[in-house]
Amino acid sequence: MIPDIHIVFDCADPDRLARFWMVALPGYDFPHGPPDGFATWEEWADANGIPEQQRNAGRTLVDKQGHRPDIFFLRVPEPKTTKNRVHLDVKAGQTVPEAERRARIETVGDQLLAAGGSIHRRVDGDEGFWLVMQDPEGNEFCVN
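Computed from a predicted structure; not experimentally measured. (Residues numbered from 1 in each chain as written. Predicted model: local features only at pLDDT ≥ 70, side-chain atom pairs only at ≥ 80, totals over all residues. Heavy atoms only, no water.)

Participant: Sorry if this is basic, but what is going on with the nonpolar core here?
Facilitator: Nonpolar side chains tend to gather and get buried jointly when the protein is soluble and globular. Counting residues in each nonpolar core, the largest one holds 23 residues, and the members touching the most others are Trp21, Phe73, Val90, Leu112, Phe141 and Val143. Secondary-structure elements contributing two or more residues to this core are strand E1 (7–11), helix H1 (14–24), strand E4 (71–75), strand E5 (88–90), helix H3 (98–114), strand E7 (128–134) and strand E8 (140–143). Counting residues per element, this core draws most heavily on H1, at five residues. Ignoring any residue separated from it by four or fewer positions in sequence, one finds Val90 in contact with Trp21, Ala24, Leu25, Val108, Phe141, Cys142, Val143 and Asn144. (Core = buried A, V, L, I, M, F, W, Y, C linked by side-chain atoms within 4.5 Å. Buried < 20%, exposed > 50% of the residue type's maximum accessible area, 1.4 Å probe, protein only. Helix = DSSP H or I, 4+ residues; strand = E, 2+ residues; numbered from the N terminus. Contact = heavy atoms within 4.5 Å.)

Participant: Please explain the pattern of salt bridges as it appears in this structure.
Facilitator: Should the charged atoms of two oppositely charged side chains come close, the side chains can pair. Tallied over the entire structure, the rule returns eight salt bridges. In this structure, Lys80 engages Glu140 in a salt bridge whose closest nitrogen and oxygen atoms are separated by 3.4 Å. In this pair, Lys80 sits in the loop between E4 and E5 while Glu140 sits in strand E8, placing the two residues 60 residues apart along the sequence. Residue Glu140 is classed as buried on the basis of its relative accessible area, which comes to 14%. (Salt bridge = Lys/Arg side-chain N within 4 Å of Asp/Glu carboxyl O.)

Participant: What's the story with H1 in this structure? I'm lost.
Facilitator: Three or more residues of H1 are buried, namely Pro14, Asp15, Leu17, Ala18, Phe20, Trp21 and Ala24. Tucked into the core, H1 has its buried residues touching E1, strand E3 (58–63), E4, E5, H3 and E8.

Set out below in structure tokens:
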């Protein structure tokens, strides 16, 4: 058996962070809608007596094509305090000609800024150009 992996983010606001990463990683989405008989998850939670403070305890994103690992966002009480030891790379420029690569990376960076991210720094050197960004909770990632 070959082990599978899931990517897990500890965070303060699972719904907000999951929605940001859906913009950063096209093709990821929430796995399914509410159960039959309910128009929304809120309606289902109300019917099942789930207190509001427990409703955003976690979110899951799945790759609609089924090729990439699931991503979980779990609410934890403590804030992020240091630099990530592991980070994701959003590969925005790998399929375009080198002459268009920088513009494509900047375009994706702008989309992620609009979704709530921030640019930590731009790297432009012998190894190429990429953006070091942060998601809405300060988790670092690269757009390259």
